[in-house]
Amino acid sequence: MAGKPPTGDPVQDAPDVTAPQHAAAGLPAIAHTLRIANDQMGVRRTALTLLRVNQKNGFDCPGCAWPEPEKRHTAEFCENGAKAVAEEATLRRVTPAFFAEHPVAGLAGRSGYWLGQQGRLTEPMYLAENGTHYEPVSWERAFDIIAEELTALTTPDEAVFYTSGRTSNEAAFLYQLFARELGTNNLPDCSNMCHESSGSALTETIGIGKGSVLLEDLHQADLIIVAGQNPGTNHPRMLSALEKAKTGGAKIITVNPLPEAGLERFKNPQNARGLAGIGTPLTDLFLQIRLGGDQALFRLLNKLVLETEGAVDTAFVDEHTHGFEEFAAAARTADWDETLRATGLRREDIETALRMVLASRRTVVCWAMGLTQHKHAVPTIREVVNFLLLRGNIGRPGAGVCPVRGHSNVQGDRTMGIFERPSTAFLDALEKEFGFAPPRAHGLDVVRAIRALRDGQAKVFFAMGGNFVAATPDTDVTEAAVRRARLTVHVSTKLNRSHVITGARALILPTLGRTERDRQHSGDQFVTVEDSMGMVHASRGRLAPAGPHLLSEPAIVCRMARRVLGDASSTPWEDFEKDYATIRDRIARVVPGFEDFNARVARPGGFTLPHAPRDSRTFPTTTGKANFTAAPVTYPAVPEGRLLLQTLRSHDQYNTTIYGLDDRYRGIKNGRRVVLLHPDDARAHGLDDGSYADLVSEWTDGSERRAPGFRVVHYPTARGCAAAYYPETNVLVPLDHTADTSNTPASKSVVIRIERQTEDS
């Protein structure tokens, strides 16, 4: 029998701390997975559900976007994927009786962990203006409320339509279609907060804002550089790919301020070595870099490659690239002393890295938010591209750029048109297919949407999935901004903090999850997703829905569109709801690469989207070639007596979803308000291990933001750097602290001071 949800918030003010671990997965991961799954789903449901995860005839994991291999294990999931599935397929339910018992103000005082543990939402709920409790509402009335507020707007641009990465291709395509028929490009999404910097840099340099590698390229690589990334927690199935690469002779360089257990040693639970506790050492060279020093590191490596006779692939550079001379002139000015200050690295370690680079014919660079969430993130990623172009490592098997996306289908949503700055070609195709004139003016991204809500310029906020207020920066500002809205709407499977930080009116619309059967008028439906490497495949749920009142995401969009747009729309919304194949037919005519969509996705494993740089070494940039760039090298300036903070996830967490209060690999148990400090930095601030402190961020305008009551943990992080979990520390990230060009919140480089708490604090 599955366990009951917690009735009270657990105490988190005294976490237990032990030494960090130096290996990931193995038998403890299996035991932890089964415990959580059985607690949420029960033994039988656990077996039936987990054996369908990421299978060709099953459903796509609602967790990360890591691709599946052609040949799949019976258990093709990781520990955190199993937690995501368990929380969606849970037997716990949030009913109208729950909302009758708990006023919204009371729920707002609960932790995000407690809210999520209550279970699946079962009925549409409505919070009336000046109301104290959510109350059940019919779907018809819910759509009427949405129509009332949208039609009362002065302009459609007063509405914001946010999207989480969990949304399927079909739902995302319909969602952007509805917003643009309404008349706005206000389509911010979670990409704005994570990999927007990657898309910006890659579009400029190679012509397409996606990675250029497939899973097989990792297996064939000679050298893999993993920068600013923790796959052991954030996408553990990547460790299997790294292990296979190591078996094939690859070397791995890890570039990170924190040592990460999964990148030290991987105990693969799918093989005998892992189960025996031996595992595979993964990292050959650990470069423990200071936060924000990555651009300086790659710039110096580029200089050293240029200075090494025969190291540059001149044939590739001459035939396929543009801007080499300007880049080379800038790279040759790289200075050893300045680089060592920026990175905190030793000269001998960088020289070792250079030898590994020069010995590799096929190099892949993987990265995640450790590179994308800095003010200078875009030039950093451009420098990574420079590094790969120098030796011809784009468009070669076993080589290329590998931005590792987070949420499942976050990349697919962008491909489907969830973007506030759509291309002219996409809008032209949409206009030709559907016969209306879509808006051409750019819309709002996440940061600009918060400002618009704050300033009263946006009045309706609609979220297709996600947990907006917990995922975004500057928590106090964001929550105050959301409360100014006339209406907030959330399409969700589970309760989260965004449901209790509301506009004047609020709706919660419960939807089907990936694990559940989606039966419409034409029969059982499937949806599709695109993984982090451009593979598109089907996802079919099999479980009975969590309640009789749930609607699928496509159905919610179609019914909303029919109610709001009415006879003004000639789009066949009713047909789309009845049969998702009709949606895919339209996608095939609008989105390049999806031709003959229905037939191709029916094949087991789906199909690969075209990628010109990878497939033919052609680059659809403004110059027609891959572009070298020559931005000045910058890194964060930290005043004396201050530290640089990065926000990060615990191991019992996926994005803003908290599965538990432990971070097993980092030695943290039963608590989340911890700050990881190098022992020397902690002692310099008079902070003993186990003492408590407030974290105070300092912004350039003189403003300060405070996060109180963090337990100090002496930890082997890079000197001058601190780390703490989000969303607890999102309050410290100023709304205006964003990456140049991409406008992504710079959550990995926040200047803070630490104030020790006294007994009187």
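It should be noted that the structure appears before, not after, this text.
Model, not experiment: these values are computed from the prediction.

Now for helix α15 (residues 294-306). Over its 13 residues, α15 extends 18 Å from the first C-alpha to the last, a length consistent with the 18 Å expected when each residue adds 1.5 Å. Burial analysis of α15 places 13 of its 13 residues in the buried class, which makes it a mostly covered element.

Axis separation between α15 and helix α21 (residues 377-390) bottoms out at 9 Å; the angle between their running directions is 25 degrees. Compared by their axis directions, α15 and α21 come out roughly parallel. Note on packing geometry: the crossing formed by α15 with α21 is left-handed. Judged by residue contacts, D294, Q295, F298, R299, L301, N302, V305 and L306 of α15 engage P379, T380, E383, V384, N386, F387 and L390 from α21.

What follows is about helix α27 (residues 553-565). Taking 1.5 Å of rise per residue, the 13 residues of α27 would be expected to cover 18 Å, and the 18 Å separating its terminal C-alpha atoms lies within 8% of that figure. Most of α27 is tucked away, with 10 of its 13 residues classed as buried. E553, P554, A555, I556, V557, C558, M560, A561, V564 and L565 are the residues of α27 that are buried. Regarding α27, its N-cap is S552, as a side-chain oxygen of that residue lies 3.1 Å from the backbone nitrogen of A555 further along. Looking at the residues trailing α27, positive phi occurs at G566, about 60 degrees.

Let us look at the layout of surface pockets. Rolled over the atoms, a probe as big as a water molecule pinpoints where empty space is left. In this structure, the second largest pocket encloses a volume near 1,200 Å³. If you trace the second largest pocket, you find 35 residues lining it, with T203, I208, G209, K210 and R414 closest to the centre. The element that contributes the greatest number of residues to the lining of the second largest pocket is helix α9 (residues 196-205), accounting for 4 residues. Of the residues assigned to the lining of the second largest pocket, the class counts are 12 nonpolar, 17 polar and 6 charged.

Thresholds, definitions, all that
- Residues numbered from 1 in each chain as written.
- Predicted model: local features only at pLDDT ≥ 70, side-chain atom pairs only at ≥ 80, totals over all residues.
- Heavy atoms only, no water.
- Helix = DSSP H or I, 4+ residues; strand = E, 2+ residues; numbered from the N terminus.
- Expected span 1.5 Å × (residues − 1).
- Buried < 20%, exposed > 50% of the residue type's maximum accessible area, 1.4 Å probe, protein only.
- Axes fitted to C-alpha atoms, helices over the stretch in contact; angles between N-to-C directions.
- Parallel < 35°, antiparallel > 145°, perpendicular 65-115°, else oblique.
- Left-handed = near helix turned anticlockwise from the far one by under 90°.
- Contact = heavy atoms within 4.5 Å.
- Polar contact = N/O pair within 3.5 Å; in protein donor to acceptor, adjacent residues only side chain to side chain.
- 1 Å grid on protein atoms, 1.4 Å probe; cavity = no way out; pocket = protein on both sides within 12 Å on 5 of 7 lines; lining within 4 Å.
- Points joined across faces, edges and corners; volume = space filled by probe spheres on them.
- Nonpolar A, V, L, I, M, F, W, Y, C, P; charged D, E, K, R; others polar.

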